[in-house]
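Here is how the chains run, residue by residue.
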Amino acid sequence: MPWDRNQMAARAAEELEDGMYVNLGIGIPTLVANYVGDKDITLQSENGMLGMGPFPFEGDEDADLINAGKQTITELSRTSYFDSATSFGMIRGGKIAAAILGAMEVAENGDLANWMIPGKLVKGMGGAMDLVAGVGRVVVVMDHTNKHGDSKVLKECTLPLTGKGVVDRIITNLGVLDVVEGGLKIVECADGVTEDDLRAATQATIVG
Amino acid sequence: MKKVYGSADEALEGVLSDGMLIAAGGFGLCGIPELLIDGIVKSGVKDLTVASNNAGVDGFGLGKLLDTRQIKKMISSYVGENAEFMRQYLSGELELEFNPQGTLAERMRAGGAGIPGFYTKTGVGTVIAEGKEVKEFNGEEYILEEGIFADLSIVKAWKADDTGNLVFRKTARNFNPPAAMCGKICIAEVEEIVPRGSLDPDLIHLPGIYVHRIIQGDHEKRIEQRTVRKREEA
């Protein structure tokens, strides 16, 4: 059985180490926060906050306290606030240890595409280009194939790039792959998924 | 010098002109200068270029200036929470320059700090790099981005004193300080103007040197995505 969304998020949470400052993207990456357990992880929200807390209880929403997805959130005892230039200073400056984000396509050289589909409505890259260029480690969490069954793990991206050679690790419903010299290396298969299954669903070169 | 004005209309008197570049603070609808946007709508000034991370929603925030077709061009990182924006953009009535969010923030900060350009890794190898100078530092490529020097900055803060020292609240700070810094003239709207000396000088977020005019008023502070937990989950 391939992993479901929560299992992918749980696997991604294993990437995080005690003491890390981390930025989580929208979608499955947001769920990663539910699986960090006892690890001391500080979440960054790029609109200007370190130490992001959970959603507020009904009635406690504060219009001045939102995350980068514009959702109402809460603060923690460790929270700090800052402006957008400072926020992206810590991102660009490599102070954020890791970003976990979704993707439309990833290529074997670490190229990432997740912000636009030509001919479709383009809303913008937001902070994604800054994050992938700046943080210490980029972990992509996504389904291995699209809704037509085509691989999203490619030799080359077909969509406009968010970043070039920026991805370190890919976690999909089928398993975990690392970007290495010459292609991708299988790190682990999802429960009940064989290496052959993973290879068959992957267009990119698999080495080792 | 008197910085406190009685209303948005009074504060905007004499600073607006067609075709000008305005830098606006805010992220989504959080920390946006609602009152000054209303004032600019009323003024009828047109052909504006607005540098702002987002473009409001239909009928609120910068969406109001789109409804009246007063904006010619947006410089933003993320748009499209706004049907009228998309209609004008797809029909070619509205120009749009996408900037990565951190690049936009740094362009404002740089403009305010007298820095005409800076090199960044953000966007290298993407469409953002097209037409921009590429320079190598320590074996890595960077692209040249330019500082934004706005004619006018409009920002929202929580509190001000009458000298323009500003304090922001929680994530409503966002783009407001860099936007404020990059304008030749900056107007700040706040929830409360407090007497000189009542703000702790060690806890001023933006010094009054960047702020030329101040107004106080009531803010709607609309929430874009209301997300909550049930009490029983506690």
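Structure report, in brief. (Residues numbered from 1 in each chain as written. Chains lettered and ligands numbered in written order. Predicted model: local features only at pLDDT ≥ 70, side-chain atom pairs only at ≥ 80, totals over all residues. Heavy atoms only, no water.)

This part is about the packing of helix α3 (residues 84-92) of chain A against helix α5 (residues 101-112) of chain B. For the pair α3(A) and α5(B), interaxial distance at closest approach is 8 Å and the crossing angle is 120°. What the angle tells us is that α3(A) and α5(B) run oblique. Both α3(A) and α5(B) take part in a crossing whose hand is left-handed. Of the residues in α5(B), those touching α3(A) at S84(A), A85(A), F88(A) and R92(A) are Q101(B), G102(B), T103(B), A105(B), E106(B) and R109(B). Per-class residue counts for the contact of α3(A) with α5(B) are three nonpolar, four polar and three charged. (Axes fitted to C-alpha atoms, helices over the stretch in contact; angles between N-to-C directions. Helix = DSSP H or I, 4+ residues; strand = E, 2+ residues; numbered from the N terminus. Parallel < 35°, antiparallel > 145°, perpendicular 65-115°, else oblique. Left-handed = near helix turned anticlockwise from the far one by under 90°. Contact = heavy atoms within 4.5 Å. Nonpolar A, V, L, I, M, F, W, Y, C, P; charged D, E, K, R; others polar.)

Turning to the side chain of T79(A), a few remarks are in order. Residues and elements named next belong to chain A. With respect to the helices and strands, the residue T79 is situated in strand β4 (residues 75-81). Separated by 2.6 Å, the side chain of T79 and the backbone oxygen of G51 make a polar contact. A polar side-chain atom of T79 sits 2.7 Å from the main-chain amide nitrogen of L76. Setting aside residues no more than four positions away along its own chain, T79 makes contact with M49, L50 and G51. (Polar contact = N/O pair within 3.5 Å; in protein donor to acceptor, adjacent residues only side chain to side chain.)

Facing 45 residues of chain A, the contacting portion of chain B comprises 50 residues. Of the roughly 4300 Å² buried between chain A and chain B, counting both surfaces, carbon and sulfur atoms make up 59%. Viewed at the interface, chain B and chain A are joined by seven salt bridges. E61(A) serves as the salt-bridge partner of R226(B), at 2.9 Å between the closest nitrogen and oxygen. Our enumeration of links across chain A and chain B arrives at 27 residue pairs in polar contact (both at pLDDT 80 or more). Going through the elements one at a time, β4, α3 and α4 (128-134) of chain A are the ones with two or more residues in the side of chain A that touches chain B. Sort the elements by how many residues they give to the side of chain A that touches chain B and α3(A) lands first, with four residues. Residue composition of the side of chain A that touches chain B, by class: 20 nonpolar, twelve polar and 13 charged. (Buried area = accessible area lost by both parts, 1.4 Å probe. Salt bridge = Lys/Arg side-chain N within 4 Å of Asp/Glu carboxyl O.)

This part takes up the environment of R107(B). All names here are of chain B. Secondary-structure assignment places R107 in helix α5. Residue R107 is classed as buried on the basis of its relative accessible area of 11%. Sequence separation between R107 and P178 is 71 residues, and the spatial gap between their C-alpha atoms is 8.5 Å. The contacts of R107, once residues within four sequence positions are left out, are I75, E97, N99, F118, E145, E146, G147 and I148. Within the local environment of R107, its side chain forms a polar contact with the side chain of N99, the two groups lying 2.7 Å apart. A polar contact of 2.6 Å, which involves the side chain of R107, links it to the backbone oxygen of E146. (Buried < 20%, exposed > 50% of the residue type's maximum accessible area, 1.4 Å probe, protein only.)

This part is about the pairing of strand β1 (residues 21-24) of chain B. Along any regular strand the residues' side chains alternate between the sheet's two faces. Residues and elements named next belong to chain B. Covered by surrounding structure in β1 are L21 and A23 together with I22 and A24, the residues of both alternating faces. Summarising the sheet, β1 and strand β2 (residues 48-51) pair through three bridges and their orientation is parallel. From the neighbouring strand, A23 faces β2, where its bridge partner is A51. Traced from β1 through helix α2 (residues 34-43) to β2, the parallel crossover comes out right-handed. (Pairing = 2+ DSSP bridges. Right-handed = clockwise from strand over helix to strand, strands pointing away.)

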